[in-house]
Amino acid sequence: AQTVTQSQPEMSVQEAETVTLSCTYDTSESDYYLFWYKQPPSRQMILVIRQEAYKQQNATENRFSVNFQKAAKSFSLKISDSQLGDAAMYFCAYRGPVSNSGYALNFGKGTSLLVTP
Amino acid sequence: DVKVTQSSRYLVKRTGEKVFLECVQDMDHENMFWYRQDPGLGLRLIYFSYDVKMKEKGDIPEGYSVSREKKERFSLILESASTNQTSMYLCASSLAGGLTETQYFGPGTRLLVL
């Protein structure tokens, strides 16, 4: 399975500030998908943002944006204007070509984000 | 909205018991998945299914089996529960192919095996 690495087990940010969560991955494929999922204390995992590898433009969803560096195999998540509700565990995930691995995701170990008032 | 439900939020079982974890999705998704989540290890794929009666092993299938008799339901079975299977179990579903690759997750089942 492809390796997804989240090097920051925990991060902290003050309300209204910006924080960046890091993710790197290892693959020899050129076509793949990358995701950031959020898991709040209630435990329901929800999708934050997704990026198709063939798209050069970085994905953006409101206050969430990514910095996708394909050559460096890096996929970081930037959260702007942080809110208390952003506190959660964040998982980076990779999905390769369907022919190789089906539709399953490979997840990193997660980064716990704390938001302080 | 896609809804993925799991039969129990919390479950306590004894070693050696047969355990069934049920997952149901209401969006006619072809793909369904079972993950196990442990602190410091992230999510690890146990099994997945891309069609009724079809199943594929994930990264950690040992000690588990699955059943998919109907498209909307995917069951995870622990034939003989052991203490090292104490964990959070997450079910997910997704639409096959097309533009939508998102996996939708259920709320999870926290299983304690004594």
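The following refers to the structure shown. Predicted model only: the values in this text are computed from it and were never measured.

**With respect to the interface of chain A and chain B**
In step 1: Listed as interface residues are 22 residues of chain A and, on the opposing side, 24 residues of chain B.
In step 2: Across the chain A-chain B interface, the total number found is 0 salt bridges.
In step 3: Linking chain A with chain B are 4 residue pairs in polar contact (both at pLDDT 80 or more).
In step 4: It is strand S5 (residues 33–39) of chain A that contributes the most residues to the side of chain A that touches chain B, 4 residues altogether.

**Quick word on a nonpolar patch on the surface**
In step 1: Taken together, the side chains of Val12, Leu112 and Leu114 of chain B make up a nonpolar region of the molecular surface, amounting to roughly 260 Å² of accessible area.
In step 2: Relative to the helices and strands, Leu112 of chain B resides in strand S11 (residues 109–113).

**Focus on the pattern of salt bridges**
In step 1: Counted according to the given criterion, the structure contains 9 salt bridges over all chains.
In step 2: Glu22 of chain B is the salt-bridge partner of Arg73 of chain B, the closest N and O atoms lying 3.9 Å from each other. Taken together, the positions of Arg73 of chain B in strand S8 (residues 73–78) and Glu22 of chain B in strand S3 (residues 19–25) put the pair 51 residues apart, joining distant regions of the chain.
In step 3: A residue is classified by how much of its surface remains accessible, and Arg73 of chain B, at 38% relative accessible area, is partly exposed.
In step 4: On the basis of relative accessibility, which here comes to 21%, the residue Glu22 of chain B falls in the partly exposed class.
In step 5: Residues Asp38 of chain B and Arg36 of chain B are paired through a salt bridge, measuring 2.8 Å at the closest nitrogen-oxygen approach.
In step 6: Three or more residues are tied together by salt bridges with common partners; here these are Arg50, Glu52 and Lys55 of chain A.

About the criteria used
In this numbering scheme, every chain counts its residues from 1 along its sequence in written order. Throughout, the order in which chains and ligands are written sets their labels, letters from A for the former and numbers from 1 for the latter. Where totals are concerned, whole chains, interfaces and linings use all residues; where local detail is concerned, this predicted model gives features only for residues with pLDDT of at least 70, and gives and counts side-chain atom pairs only at 80 or more. The side-chain figures draw on all heavy atoms in the structure; neither hydrogens nor water molecules are used. The criterion used for residue contact is that any of the two residues' heavy atoms lie within 4.5 Å. By definition, a salt bridge exists where a carboxyl oxygen of Asp or Glu is found within 4 Å of a side-chain nitrogen of Lys or Arg. Within 3.5 Å is the distance limit for a polar contact, defined as a pair of N or O atoms, with the added protein rule that one can donate a hydrogen and the other accept it, and that residues adjacent in sequence qualify only through two side-chain atoms. A run of DSSP states H or I qualifies as a helix once it reaches four residues; a run of E qualifies as a strand once it reaches two. Both are numbered from the N-terminal end. Exposure above 30% relative accessible area and the absence of a salt bridge qualify a residue for a patch, where like charges join within 9 Å and nonpolar side chains (Val, Leu, Ile, Met, Phe, Trp, Tyr) within 5 Å. All accessible-area figures derive from a Shrake-Rupley calculation using a 1.4 Å probe, and residue coverage is judged against the displayed protein chains alone. Relative accessibility decides the category of a residue: with a 1.4 Å probe and only protein chains considered, values under 20% of the type maximum give buried, values over 50% give exposed, and everything between is partly exposed.

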